[in-house]
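For reference, the chains in residue letters:
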Amino acid sequence: MPNTLKKPVLYVVGAGPGDPELITIKGYRLLQEAKVVLYDNLANKELLNLTPKDCEHIYVGKQPYGAYTTQEEIHNLIKHFAFEKGSVIRLKGGDPFIFGRGFEEMLFAREQGIDTYYIPGITSMQASGLEDIPLTHRAISEGIWVVTGTKKDGTLSGDLKLAMQSNATVVIYMGMKQLGSISATYADAGHGDTPAAIIQHASLPQQKSVKGLVKDLVAMAESKQLKHPAIIIIGGVTNLAV
């Protein structure tokens, strides 16, 4: 029966970087009460075990460079289940507001008369500490630039050229397909010898990483057979523990 007693609700929940124990307590509690969970490709499927037996689990992931659920389809599912079940959880890997399109989904839901709540998650770059890489370090890095490796049109973000002019740590999401362009951008600016690291499956048992110089990113990835999902970190903080 459709919900008619109270206003429907959407919870946009960050699942964390991968390790299911890194979800917030609030996210954990909401999953235990969930009626419907729309989960993506980077949300750990073990978190679905927290939900009640009668909870519906619907995969709406986007496989890298492959088949994916369109954003329009996701919006339609949010609307349908919010009104049908009264509430729906959108479980997104990392943090929903960091390259996660979580706010787009909240804006859509609000337009439909659905109440929305945001539950932050630990984003994947914060798991870099598991590889002895602090994102900031006194006298080494005074800040962090976080950029996408691939814009909507498929090109490399122009912000990268601005970021490399500072001594801030540069973190690149969704950049594995752009490793050659990233290396060339740094080399062309005379920064090819900047230390860099790539971390795949951060916080999970199969976590892998490699460290080297930004000019060698392609060879670094090939040496450890690293691919998506991975983050690229560029700056002196990557070799503090070397």
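As the structure is a computational prediction, the values presented were derived from the model and not from experiment.

Peer 1: Help me out: how do you make sense of the nonpolar core in this one?
Peer 2: Grouped burial of nonpolar side chains is what soluble globular proteins tend to show. Counting residues in each nonpolar core, the largest one holds 22 residues, and the members touching the most others are L160, I182, I198, L217, I232 and I234. Elements represented by at least two residues in this core include exactly helix 4 (159-163), strand 7 (169-173), helix 5 (179-188), strand 8 (195-200), helix 6 (217-224) and strand 10 (230-234). With residues up to four places along the chain from it excluded, the contact list for L217 reads L179, I182, S183, A196, I198 and I232. Core analysis: the next-biggest nonpolar cluster, separate from the first, contains 15 residues, L31, A43, L48 and C55 among them.

Peer 1: Would you mind showing me how to read a nonpolar patch on the surface here?
Peer 2: Together, I98, F99, I144, V146 and M174 line one region of the surface with nonpolar side chains, adding up to about 350 Å² of accessible area. Inspection of the secondary structure puts F99 in the loop between strand 4 (87-92) and helix 3 (102-111).

Peer 1: Any chance you could explain the sheet that holds strand 2 (residues 36-39) here in plain terms?
Peer 2: Note on sheets: strands pair through backbone hydrogen bonds, and any given pair is parallel or antiparallel. Spatially, the five strands line up as an open sheet ordered 3-2-4-1-5, and their pairing is parallel. A single partner strand is all that each edge strand has here, and the edge strands are strand 3 (56-59) and strand 5 (115-119). On average, each strand axis in the sheet is tilted by 20 degrees relative to the strand beside it, whichever way the strands run. In the sheet, strand 1 (residues 9-14) pairs with strand 4 via six bridges, with the strands oriented parallel. By the bridge assignment, G14 is partnered in strand 4 with K92.

Peer 1: In this structure, what is going on with the packing of aromatic side chains? I would like to understand it.
Peer 2: The description of two aromatic rings rests on the distance between their centres and on the angle between their planes. Using the criterion set out here, one finds five aromatic pairs in the structure. Aromatic pair Y11 and Y117: ring centres 5.6 Å apart, planes at 25 degrees, arrangement stacked. Taken as a pair, Y11 in strand 1 and Y117 in strand 5 lie far apart in primary sequence, 106 residues in all. Classification of Y11 as partly exposed rests on a relative accessible area of 21%. The partly exposed category is assigned to Y117, whose relative accessible area is 43%. The structure contains a cluster of three or more aromatic residues connected by ring pairs, namely F97, F103 and Y118.

Peer 1: Is there a simple way to think about the environment of G180 in this case?
Peer 2: Along the chain, G180 turns up in helix 5. Expressed as a C-alpha distance, the spacing of G180 and R90, which sit 90 residues apart in the sequence, is 34 Å.

Peer 1: What should I look at first to understand helix 2 (residues 71-85) in this one?
Peer 2: An α-helix turns once every 3.6 residues. As a result, residues three or four positions apart point the same way. Helix length check: helix 2 (15 residues) gives 21 Å between terminal C-alpha atoms against 21 Å at 1.5 Å per residue, within 8%. Tucked inside the fold, the buried residues of helix 2 contact strand 1, strand 2, strand 3, strand 4 and helix 3. In the segment just after helix 2, G86 is the residue with positive phi, at about 95 degrees.

Peer 1: What should I look at first to understand the sheet that holds strand 7 in this one?
Peer 2: Pairing in this open sheet of five strands is mixed, and the strands run 6-7-10-8-9 from one edge to the other. Looking along the sheet, the strands with just one partner apiece sit at the ends: strand 6 (144-148) and strand 9 (208-213). With direction set aside, neighbouring strand axes in the sheet form an average angle of 15 degrees. Summarising the sheet, strand 7 and strand 10 pair through four bridges and their orientation is antiparallel. Opposite V170, over in strand 10, you have I234 as the bridge partner. Each of strand 8, strand 9 and strand 10 is contacted by helix 6, which is oriented at about 150 degrees to strand 9, the strand it contacts most.

Peer 1: Sorry if this is basic, but what is going on with the side chain of T194 here?
Peer 2: Residue position: T194 is located in the loop between helix 5 and strand 8. Among the polar contacts made by the side chain of T194, one reaches the main-chain carbonyl oxygen of H191 at a distance of 2.8 Å. When near neighbours in sequence (up to four residues on either side) are disregarded, T194 contacts Y186, G212, L213, V214, I234 and G235.

Criteria and thresholds
Residues numbered from 1 in each chain as written. Predicted model: local features only at pLDDT ≥ 70, side-chain atom pairs only at ≥ 80, totals over all residues. Heavy atoms only, no water. Core = buried A, V, L, I, M, F, W, Y, C linked by side-chain atoms within 4.5 Å. Buried < 20%, exposed > 50% of the residue type's maximum accessible area, 1.4 Å probe, protein only. Helix = DSSP H or I, 4+ residues; strand = E, 2+ residues; numbered from the N terminus. Contact = heavy atoms within 4.5 Å. Patch = residues over 30% accessible without salt bridge, like charges linked within 9 Å, V, L, I, M, F, W, Y side chains within 5 Å. Areas by Shrake-Rupley, 256 points an atom, 1.4 Å probe, with all protein chains shown as cover. Salt bridge = Lys/Arg side-chain N within 4 Å of Asp/Glu carboxyl O. Pairing = 2+ DSSP bridges. Axes fitted to C-alpha atoms, helices over the stretch in contact; angles between N-to-C directions. Phe/Tyr/Trp six-rings, centres within 6.5 Å; stacked < 30°, edge-to-face > 60°. Expected span 1.5 Å × (residues − 1). Polar contact = N/O pair within 3.5 Å; in protein donor to acceptor, adjacent residues only side chain to side chain.

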